[in-house]
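For reference, the chains in residue letters:
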Amino acid sequence: MPDGDELLRLALSRPVEALAEASRLIAGGVGGAAGSVAFQARAIVLRDEGRFGEAIRALRTGLRLARASGDRDRALDVQATLGVTLAMSGRTATGLAVLDEVVAASRGQLAGRALMRRGYQLAAMGRREEALADLNRSIALLHRAGDGVWEARARTSRFGVYATFGQAARAHRDLAEADRLFRAAGSELESVTAVHNRADLAAQSGDLPAALAFLDEAEQRYSTLGSYPADLVFDRCKVLLAAGLAAEALEAADAGLARLGRRTSDTAELQFVSARAAHLAGRPDEAARRAARARDLFRAQHRPWWAARAAFVLVQARYDGGRRDGRLRAAAGRIADRLDALGAEEAPAADLLAGRLAAVTGRLADAERHLERAARSRSRGPSYGRAGGWLAQALRAEARGATRAALSACRRGLVAASDHQRRLGAVELRAYAAGYGTELAALGQRHAVRRNDARALLAWSERWRAGALSHPSPRPADDTDLAADLTMLRAVIIRLDAARAAGEPATALEQRRRSLEAAIRARTRRVSGDRPRSSASAAADVLDGLGDRLLLELVVVDGVLHVVTVRNRRVRLHTTGPAAIAVREVELARFMLRRLARGRTARGATDALVQAGRRLQSALLGPAAAEVGGAEVVIVPPGALHAVPWAMLPVLRDESWTVAPSAAVWLRAVRQPVRRRGRAVVVVGPGLAGARAEAARIATGYRDAVLLDGGRATAARVLAAVDGARVAHIAAHGVFRADNPLFSSVRLDDGPLTVYDLGRLRRAPDSMILASCESGVAATVAGDELLGMISVLAPLGTASLVAGVVPVNDAAAAPLMAAVHAGLRPGDSLGPALARARRATWSGDDDPVTAATALAFVALGR
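Source: prediction; values computed, not measured.

A. Region of the structure containing the overall build of the chain. Assigned secondary structure in the chain consists of 38 helices and 16 strands. Whereas a compact globule of 862 residues would reach a radius of gyration of roughly 29 Å, the chain reaches 31 Å, a difference of no more than 12%. Expressed as lengths along the three principal axes of its C-alpha atoms, the size of the chain is roughly 100 × 65 × 45 Å. Within the chain, buried positions represent 59% of all 862 residues. For the chain, contacts bridging at least 24 residues in sequence account for 70% of all contacts bridging at least 6. Summed over its atoms, the accessible surface of the chain is roughly 33,700 Å², and 50% of this surface lies on carbon and sulfur atoms. Where the 123 positive side-chain charges of the chain centre and where its 92 negative ones centre are 3 Å apart.

B. Representation of the nonpolar core. Counting residues in hydrophobic clusters, the biggest one holds 125 residues, and the most contacted among them are Leu554, Leu620 and Trp646. Not counting residues within four places of it along the chain, the set of residues in contact with tryptophan 646 comprises Leu554, Leu620, Ile635, Pro637, Leu641, Leu652, Trp657, Val659 and Val858. Counting residues in hydrophobic clusters, the runner-up holds 75 residues, among them Ala210, Leu260, Ala287 and Ala354.

C. Seen up close, helix α7 (residues 108-124). Compared with an ideal rise of 1.5 Å per residue, which puts 17 residues at 24 Å, α7 spans 24 Å between its outermost C-alpha atoms and is within 8% of the ideal. The buried count for α7 comes to 12 of 17 residues, which makes it a mostly enclosed element. Along α7, the positions that sit buried rather than exposed are Leu110, Ala111, Gly112, Arg113, Ala114, Leu115, Met116, Arg117, Arg118, Gly119, Gln121 and Leu122. Just downstream of α7, glycine 126 is the residue with a positive phi angle, here 90°.

D. Spatial organisation of the packing of aromatic side chains. One pass over the full model with this rule turns up seven aromatic pairs. Among the aromatic residues, those joined into a ring-pair cluster are Phe234, Phe272, Phe298, Trp305 and Trp306. The aromatic ring of tyrosine 319 is capped on one face by arginine 324, whose charged end is 3.7 Å from the ring centroid. The positively charged end of arginine 463 is found above the aromatic ring belonging to tryptophan 460, 4.8 Å away from the centroid.

E. Focus on the sheet that holds strand β10 (residues 745-748). The three strands are arranged β9-β10-β11 in an open sheet whose pairing can be described as antiparallel. Each end of this open sheet is capped by a strand with a single partner; those strands are β9 (734-735) and β11 (751-754). One ladder, built from four bridges, connects β10 with β11; its direction is antiparallel. Each residue of the ladder has a partner; that of valine 746, found in β11, is leucine 753. Across the sheet, helix α26 (residues 479-501) touches β10 and β11, and the angle it forms with β11 is around 140°.

F. Representation of helix α32 (residues 691-700). Listed in full, the buried residues belonging to α32 are Ala691, Glu694, Ala695, Ile698 and Ala699. All buried residues of α32 lie within an arc of 140° about the axis, which places them on one face of the element. In α32, the exposed positions angled more than 90 degrees off the buried face are occupied by Arg697 and Thr700.

G. Representation of the pairing of strand β4 (residues 633-636) within the structure. Across the two faces of β4 the burial is the same, with Val633 and Ile635 and Val634 and Val636 all buried. Pairing geometry for strand β1 (residues 550-557) and β4, over four bridges, is parallel. If you follow leucine 552 over to β4, its bridge partner there is isoleucine 635.

H. How the structure looks around the pairing of strand β3 (residues 570-578). Examined bridge by bridge, strand β2 (residues 560-567) and β3 share eight bridges and lie antiparallel to one another. Pairing of leucine 561 across the sheet is with glycine 577, part of β3.

I. Geometry of the pattern of salt bridges. Applying the stated criterion across every chain yields a total of 70 salt bridges. Between arginine 525 and glutamate 248 there is a salt bridge; the shortest N-O distance is 2.7 Å. Of the two residues, arginine 525 sits in helix α27 (residues 507-525) while glutamate 248 sits in helix α14 (residues 246-260), which places them 277 residues apart along the sequence. A salt bridge links arginine 369 to aspartate 337; the nearest nitrogen and oxygen atoms lie 2.8 Å apart. One end of the pair, arginine 369, is in helix α20 (residues 364-375); the other, aspartate 337, is in helix α18 (residues 326-342), with 32 residues separating them in the sequence. For aspartate 337, a relative accessible area of 30% translates into the label partly exposed. Beyond isolated ion pairs, a larger network of salt bridges with shared partners links Arg500, Glu510, Arg513, Arg514, Glu517, Arg737 and Asp739.

J. Quick peek at the packing of helix α5 (residues 72-88) against helix α6 (residues 92-105). It is at 7 Å that the axes of α5 and α6 come closest, and there the two elements cross at 155°. In terms of axis orientation, α5 runs roughly antiparallel to α6. Crossing geometry of α5 relative to α6 is assigned as left-handed. Residue-level inspection shows Arg72, Leu76, Gln79, Ala80, Gly83, Val84, Leu86 and Ala87 of α5 in contact with α6, the latter providing Thr92, Thr94, Gly95, Val98, Leu99, Glu101, Val102 and Ala105. Of the residues contributing to the contact of α5 with α6, the split by class is nine nonpolar, five polar and two charged.

K. Looking closely at empty space enclosed by the protein. The tally for this structure, following the rule as stated, stands at five cavities of 30 Å³ or more. Put simply, the largest cavity is a space of about 260 Å³. Of all the secondary structure elements, the ones that give two or more residues to the lining of the largest cavity are α23 (427-433), α26, α34 (755-758) and α35 (789-793). Residue contributions to the lining of the largest cavity peak at three residues, all from α23. Residue composition of the lining of the largest cavity, grouped by class: 13 nonpolar, five polar and five charged. Of the pockets and cavities examined, the second largest cavity occupies roughly 130 Å³. Along the walls of the second largest cavity sit 14 residues, with Ala691, Ala731, Ala771, Asp810 and Ala814 positioned nearest its centre. Every element with two or more residues in the lining of the second largest cavity is listed here: α32, β8 (727-731) and α36 (810-822). When its residues are assigned to classes, the lining of the second largest cavity shows 11 nonpolar, one polar and two charged.

L. How the structure looks around unusual backbone geometry. Although it is not a glycine, alanine 466 adopts a positive phi angle of roughly 55°. For alanine 466, the location among the structural elements is in the loop between α25 (454-463) and α26. Judged by its relative accessible area of 4%, alanine 466 falls in the buried class. For aspartate 558, which is not a glycine, the phi torsion comes out positive at approximately 50°. You can see aspartate 558 is positioned in the loop between β1 and β2.

M. Structural context of the environment of alanine 431. Looking at the element boundaries, alanine 431 is found in helix α23. As for alanine 431 and arginine 465, which are separated by 34 residues in sequence, their C-alpha atoms are 9.9 Å apart. Discounting chain neighbours no more than four positions away, the residues touching alanine 431 are Ala468, Val781, Ala782, Glu785 and Leu787.

N. A look at the side chain of histidine 196. On the secondary structure map, histidine 196 appears in helix α11 (residues 188-204). A polar side-chain atom of histidine 196 sits 2.7 Å from a polar atom in the side chain of aspartate 235. Beyond its immediate stretch of four places on either side in the chain, histidine 196 contacts Leu215, Ala218, Tyr222, Asp231, Leu232 and Asp235.

Scoring rules and cut-offs
- Residues numbered from 1 in each chain as written.
- Predicted model: local features only at pLDDT ≥ 70, side-chain atom pairs only at ≥ 80, totals over all residues.
- Heavy atoms only, no water.
- Helix = DSSP H or I, 4+ residues; strand = E, 2+ residues; numbered from the N terminus.
- Rg over C-alpha atoms; globule rule 2.2 N^0.38 Å.
- Buried < 20%, exposed > 50% of the residue type's maximum accessible area, 1.4 Å probe, protein only.
- Contact = heavy atoms within 4.5 Å.
- Areas by Shrake-Rupley, 256 points an atom, 1.4 Å probe, with all protein chains shown as cover.
- Lys, Arg positive; Asp, Glu negative; His and termini not counted.
- Charge placed at Lys NZ, Arg CZ, Asp CG, Glu CD.
- Core = buried A, V, L, I, M, F, W, Y, C linked by side-chain atoms within 4.5 Å.
- Expected span 1.5 Å × (residues − 1).
- Phe/Tyr/Trp six-rings, centres within 6.5 Å; stacked < 30°, edge-to-face > 60°.
- Lys NZ or Arg CZ within 6 Å of the ring centre and 35° of its normal.
- Pairing = 2+ DSSP bridges.
- Axes fitted to C-alpha atoms, helices over the stretch in contact; angles between N-to-C directions.
- Arc of directions from axis to C-beta.
- Salt bridge = Lys/Arg side-chain N within 4 Å of Asp/Glu carboxyl O.
- Parallel < 35°, antiparallel > 145°, perpendicular 65-115°, else oblique.
- Left-handed = near helix turned anticlockwise from the far one by under 90°.
- Nonpolar A, V, L, I, M, F, W, Y, C, P; charged D, E, K, R; others polar.
- 1 Å grid on protein atoms, 1.4 Å probe; cavity = no way out; pocket = protein on both sides within 12 Å on 5 of 7 lines; lining within 4 Å.
- Points joined across faces, edges and corners; volume = space filled by probe spheres on them.
- Polar contact = N/O pair within 3.5 Å; in protein donor to acceptor, adjacent residues only side chain to side chain.

In structure tokens form, the structure reads like this:
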């Protein structure tokens, strides 16, 4: 049987065992000091499970037993635990008063423990200077007494205070020493907190992959010990928000709230982080409701530091909801001043918002004061926050009419945002990280449009497009485990589809699918980038590389669509009209093609396609359409217009054209050496009528082609064959996953081959044809970044890609794809080959299904 101190240590190390032992002792009628220990240990476990009422009752019983035994120190220790528990339950003032009594009555080692508890609670309330004073005294007393475990606890609490002060070196030293002391004492649960806290240090330095890795490790170890700390949920949400994954953070916060139930103090913090998530997810009304709820909870708990932070989120949400009145401006200014005085991490963002509001109402002195404070973050704090500091500096210069200084700040801010982006290995995280530079690029674009400066608009647009595609993602260290998870996912999806088709229960399989997808995402996100700064192509390089081609770069500025055209180094700017009209026409055109692909034809369908193409051309190109003709065309659309069926435009129907996420990405593809020799791979997935015969004909056009069909098109065989191939053709059913684009897939004989699978290639095929539905569709995130097949294929070496932007008719697609291969000349890219194939298979007056199929595919890359 463990002694008293050991049982209390067990409550914070192996809570399941501690609860069982304490319950056994209590059931056996133990009394006196030993009984007080049993009730205290039981209460600690119940408290950490959020069962505050039961915990407080157990502590009152333990306190009564300790006092009855005459053991004064024992009674003070139980009373201190009661104070912490009352505060955690939301009765903050009462709990703190109890702790004050204990500190006043304690000496030596006992005083050190009491000070640690009070310091911990003061830090949770945001009273950090008082907390630091208590923790400094606590550590000195506990170290002198040789109380290693409690010294480690005090150092862990002081680590958190140092971290919020931005004193990373001191925080790191405390954390390392706490870890050593916990390990020496064999305190398993508390040793996990050292791993957990390393996540906070990593996030503060901007190393989000390391932060996610530490959180994953901590969660697994907590789970093994039967623990579910609320601050793990809170910290994961914070890191997800820093990574731009707001919807995922909101889901995690809501799951935590549901699981925590009535843990009052933890509920307030998760309400707060869920409000931040809703705000960043673009849900201002929901964010306002959550922020108000969090603010009220913090006020009731006498936690002004937290209440001020929640009040700022409320103001942010109201601003995003369209409010610009004087009351909001005044509130933003007061909260910014308050957060700055408190040293809260939201202070720079609060000053930025207050500065914006002051500037638009002509209060230039207030704007300067707030923006100057916000701009300090350009040289301190986490790497992902520095671009925001440069944005404040740019707005500060703009407010005083210093245009050159404003544009200089924008350029430097984009460099800072790019530096953060380079630290991220996963293409998903790099894409979302682009959000830190979006507004900086928009300021430059807006300035160029005001001056009618086509070259400047091209330059600013290219500065911050498709940065996530600048280099391939490094492979995870546990790549074999990633491969195993992907293999298991394929097997689960096959079983899941079979169960659904048979009308059988599929809940367990669906849960397993979600679990595997979460594990796959986690493995890839943990990879750090650590890449040298890429030599991004300047606008001048693009002009040189175009030769006699025509560039059409579409740019949206303040809701208006513009087209920059470049031909023979002559740069022009055309204004097309509202971007919303272009988006609507694209959706209507894609809807029409989807209906035709399903065979839903009507009289006059071909004429309707022609009319839709004319409307699409007017909305997308406007006067720029007059420049098309007689030259190969390179089209660079914004993210919102990436899935346009460009062949529907009359001026592009008979032209050779290609689409690229940015002119820089296109230029890298053009400069990539053309491979005239190499392996050709033809793959046919299951369920495609007539595709095998077409595939066999395609394969005969290449020397020693690899043909995988008839049950041989498994993921392992396909990946091995296409890795490093010159040309790859995959005819398979495709699925675009809008909820998670990197799980978009093509269906092979053993299940779906996902974007994650393709990301494991050492080198993607130089040219690739994806004859499948929506294989060219991607999700648009953080402005103009894309997540889909092209996200991994382009960085891994695919210079030319043909893919569909809508579902296609399989029977009609087969001869079109065969014609692409037949017209693919040595050294050619797929753009000209697709144009020749379209002309060969569709005369313009064919049946609508053939027409829709010819129009559904686009050429991407060079």
